[in-house]
Amino acid sequence: MKSKRRTPAQLLVSTIILFFFTAFLLLALKDFQPLSFLMTALVPLIFFAATVLIPRLFPADRLLLSMVNFLCALGVLILYRMNPKQGLDQAVNYGVGVVAMLFFILFVRSLRHWRQPIMLLAVASIVLMALPLIFGTERNGARAWISVFGLSFQPSEMVKVFLLLVVSYLLSKRNVIPAALFAGICLLMLMLQKDLGTALIYYAVTLILIFAATRSFFYLGAGFIGALVGGLIGYNMFSHVKRRVRIWIDPWYDYEGAGYQIVQSLIAMVNGGVWGTGLGLGHAYDIPANTTDFVFSIILNEFGLVFGVCVVLVYLLLFLRGIGIALRSSSRFYTLLSLGASCLIALQTFIIIGGNIKMIPLTGVTLPFISYGGSSLLSSMCIMGILQGVASINEDDVQEDQELARIQEGYA
Amino acid sequence: MKLIRQNIRLIATVLCVLLISLVVYGAYSISTQGSRWFSSGANKYLRRTKANVTAGNIVDRANVLLATTDNTGKRVYSSDEAVRRAMVHVVGDSANNIAYGAESFMADHLYAFNESYLERLAQGLQGKIRRGYDIRLSVDSRLSKKAYSLFPKDKSGAIVVMNYRTGELLALQSYPSFDPMNLTQLDKDNPLKPFWNRATKWISAPGSAFKVITLAGALQHIPDAINKTFHCSGELVLENTTITDANNAVHNDLNLKKALALSCNIAFSQAILEMGDKNLQQTASNFGFGDYFLFSDLVVENSVYPTTDRTEKEIAWTGPGQSRLQVTPLHMCMVAAAIANDGIMMEPKLLLGVTNNAGVSRFDFFAREHRIALDKPTADTIADYMREVVRTGTGTRAGVSGIPVCGKTGSAQIDGQRETNAWFVGFIDDPKYPFAVCVVVEDAGGGGSVAAPIAGELFKFMTGR
């Protein structure tokens, strides 16, 4: 018999939908644009579809799903508030991202023989990484973008997903050297594109996966020393790395120039105070790149410190949920895959938020799910698709076990 | 698989710590430095908001008006030009020439940034322009004006007066000063930089005034230091340097008490060489050298006890307060205050109270210890020796008859300067008048002849004699 009471998960979903509905309604009543009213209806709808309908298709992790969708919708909200055009773009990206997530869930669920697809992905990664070096255009000092039919995208974001799959697969077959080699090639090409933030993430995730697969403190130590040496070489070779470190140590020495971004970010944070200025009442326009690298500062500015802490905690929960999936998985490949996926998101979050609050030097990576950018949102959603795929396989296994147990009981 | 799971738990723990450290670091840096970021000149939002809110009044401890907004919305300061000049570095100015005056550093009160939306709404409904809170500062305009009249014209320097029991600052002045209501091109071009708050942002060697700290180190680290005799033959020859005294004085045999009273460089060089650089560094750090000063009401440059390239020459000159020692006048005042306050260094405070438009208090003053600099017996001994300085030594001109004034002079030699920087730090050892003072006059001569008389007049004024 079905109980009429709502489960906590349902309550959570309805609360979040209400939150976004009122938030967009607020913006809509303020500017009275038809587009704003459209968003008021559209975003809660995507959220509903992504969190309620997907688990009907296959056994997904509902909590993980609602957290991811919450972050995505929050991103759309913040971006729409700062810049309606980017907000609309991001809503489309979000929709595409949900489809990509679905695709990856199905991909992971249906594939039984990984060998050939993985080889294909490895080759594709290297080709993709070479593209910007040949056809690329330079943006913010990094040569990481290519344009196809007027749509520009960042291959390194997609390769992030492939790297995860390839390295996990190789490591699950105990091929440590090929895994390291493959990651090294990707990393080298990334360095040539001068996309150092992403390079750092590639490096750390590969290192984590190698350590998890081997528990070799030798590899771990070698990795740390390698990072240190790489960091020193980078510091001495690239003038902009030196400048970043200088700004990190004291952004105030040149707060109208080099330190401007980070100083404005810090100021936006404190201007918001504990409870924030309120949605639409903030003033984070002074921060350059406010919808990509510094989107977290806007969140702190408009929603306040308490909300900001909660957002960090959502990322933390999301990470722990992913780790739970990794621990429950019975296959070596899926375990490493879901570990890598969770660590990737957590590390990226740490690197960018740490940069925003001046805890570590700023490297231009996006805040997963929230920052403006199609490639970035897409890759994050693909990674979540992988995680959900593994989660649903775990769930299938559990159900199979229960089925078996029931059958055995029947015979007994 | 089991091994992998173990590894995963380890990795997960590390990453969890990383993510949580974001929250911890963020909370820490905002709580300690948030007010500095907020009130900085780079805060465009603050500048924009200032246009929409009428700033509150600033009054001194006796409720004398220091700053207010007239009915045309213009910010006006005290009607007495001498008071304006004497207090501009504390109060600040509307043009923001003073980096961290109350006008900017306490903007969150003056412009009522933490006012609740309910209060804002109530004011809005009444059709009033929003008005910020009034603040009351601990400084004393009468005393500040007196100090301003005592300081030599066309010299640069600083005067700090604080209550050593509570840390309340009674005067915080930097010279040369300027009139915030009549800023001239001459002020802007003045090579002595009148906008710079020397009391809090200027760091320099304190000269012999530092000997109180060397004395503290000697009392703590040299066995039976009180009865120990030092010998001053007029010069102490060391590797690469010779320590001499002012006017090449020869003091012969003397104990620390007499050495402090006569400000004998040689005895204090011998003292640091005997106790060792590390020990004096420890004592100095107890007095706050090397601290990151994150005071709630003030932005203060950090003081430095040099730790690199410690040659014998450097070490020997550190004892008498030369070498690369760097300290602000405010910090030296805190040093004297700590000795006066049984070794407890109080955090300097400026803000006494905040009241909103309805007259309701929004802030309560509380005294806070900054650190424990000394144990009480050592502090008492140093105070006794400092009393001797004023009674018979180099600081006699700071004395006031019938008042137990303790002090120490300093004449710091600075490369490229014709005259020495004149320093005097001291206090009144009487619970009725718990005041500590630091006077610095740059490029002016000896501490005993230039700075001590100013301090003496201030002590006289404060005790009503």
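S.K.: Hey, could you run me through unusual backbone geometry in this one?
M.R.: Note the cis peptide between Tyr175 of chain B and Pro176 of chain B, where omega equals -5°. Of note, the phi angle at Phe32 of chain A is positive, near 55°, even though the residue is not glycine. Here Phe32 of chain A lies in the loop between α1 (8-31) and α2 (34-57). Judged by local crowding, Phe32 of chain A falls into the exposed class, with 8 C-beta atoms found within 10 Å.

S.K.: Explain the sheet that holds strand β1 (residues 58-59) of chain B to me, please; I cannot follow it from the model alone.
M.R.: Residues and elements named next belong to chain B. What the six strands build is an open sheet, ordered β3-β2-β1-β4-β12-β13; its pairing is mixed. If you trace the sheet from one side to the other, it starts and ends with β3 (75-77) and β13 (361-364), each paired once. Where strand β4 (residues 134-137) meets strand β12 (residues 351-355), four bridges bridge the pair, whose relative direction is antiparallel. Residue pairing across strands places Leu137 opposite Leu351, the latter belonging to β12. Packed onto the sheet, helix α3 (residues 81-91) meets β1, β2 (65-69), β3 and β4 and runs at close to 70° relative to β2.

S.K.: Would you mind showing me how to read the nonpolar core here?
M.R.: As a rule of thumb, nonpolar side chains are buried together in soluble globular proteins. In this structure, Val166 of chain A together with Val160, Cys333, Ala336, Ala337 and Ala451 of chain B are the most contacted members of the largest nonpolar core, which totals 273 residues. Top contributing element to this core by residue count: helix α3 (residues 62-82) of chain A, with 15 residues. The residues contacting Val160 of chain B, other than those within four sequence positions of it, are Leu169, Ala171, Leu172, Ala199, Pro329, Leu330, Cys333 and Cys438 of chain B.

S.K.: Would you mind going over the packing of helix α7 (residues 176-192) of chain A against helix α8 (residues 196-214) of chain A with me for this structure?
M.R.: Each packed pair of helices is defined by two parameters, the angle between the axes and the distance between the axes. Residue and element names in this part refer to chain A. Between α7 and α8, the shortest axis-to-axis distance is 9 Å and the interhelical angle comes to 175°. Classified by the interaxial angle, the pair formed by α7 and α8 is roughly antiparallel. Residues Val176, Ala179, Ala180, Ala183, Cys186, Leu187, Leu190 and Met191 of α7 form the contact with α8, whose own contacting residues are Thr198, Ala199, Tyr202, Tyr203, Thr206, Ile210 and Thr214. Classifying every residue of the contact of α7 with α8 by side-chain character gives 12 nonpolar, three polar and no charged.

S.K.: Can you walk me through the pairing of β4 of chain B in this structure?
M.R.: Residues in a regular strand point their side chains to alternate faces of the sheet. Residues and elements named next belong to chain B. Neither face of β4 is exposed, since Asp134 and Arg136 on one face and Ile135 and Leu137 on the opposite face are all buried. Two strands pair when backbone bridges link them, and β1 and β4 are joined in this way by two bridges, in the parallel orientation. Residue pairing across strands places Ile58 opposite Ile135, the latter belonging to β4.

S.K.: Would you explain the interface of chain B and chain A in this entry?
M.R.: The extent of an interface is frequently quoted as the accessible surface area lost upon association of the parts. Counting from both sides, the interface comprises 25 residues of chain B and, opposite them, 34 residues of chain A. At the level of elements, α1 (2-38) and α2 (44-50) of chain B are the ones that each hand at least two residues to the side of chain B that touches chain A. Tallying contributions element by element places α1 of chain B first for the side of chain B that touches chain A, with 20 residues. Grouping the amino acids of the side of chain B that touches chain A by side-chain chemistry returns 18 nonpolar, five polar and two charged.

S.K.: For this particular structure, what's the right way to read the sheet that holds strand β17 (residues 435-441) of chain B?
M.R.: Note: strands within a sheet are paired through backbone hydrogen bonds, in either parallel or antiparallel orientation. Residue and element names in this part refer to chain B. Here five strands make up an open sheet; going across it, the order is β6-β5-β17-β16-β15 and the pairing antiparallel. The outermost strands of the open sheet, each flanked by one partner alone, are β6 (169-175) and β15 (405-412). The mean angle between the axes of side-by-side strands here comes to 5°, regardless of whether they run parallel or antiparallel. Pairing analysis gives six bridges linking strand β16 (residues 421-428) to β17, with the strands arranged antiparallel. Counterpart to Phe424 in the pairing with β17 is Val439. Across the face of the sheet, helix α17 (residues 447-463) comes into contact with β5 (157-163), β15, β16 and β17 while running at roughly 30° to β16.

Conventions used here
- Residues numbered from 1 in each chain as written.
- Chains lettered and ligands numbered in written order.
- Predicted model: local features only at pLDDT ≥ 70, side-chain atom pairs only at ≥ 80, totals over all residues.
- Helix = DSSP H or I, 4+ residues; strand = E, 2+ residues; numbered from the N terminus.
- Buried ≥ 20, exposed ≤ 12 C-beta atoms within 10 Å, placed from the backbone.
- Pairing = 2+ DSSP bridges.
- Contact = placed C-beta atoms within 7 Å.
- Axes fitted to C-alpha atoms, helices over the stretch in contact; angles between N-to-C directions.
- Core = buried A, V, L, I, M, F, W, Y, C linked by C-beta atoms within 7 Å.
- Parallel < 35°, antiparallel > 145°, perpendicular 65-115°, else oblique.
- Nonpolar A, V, L, I, M, F, W, Y, C, P; charged D, E, K, R; others polar.

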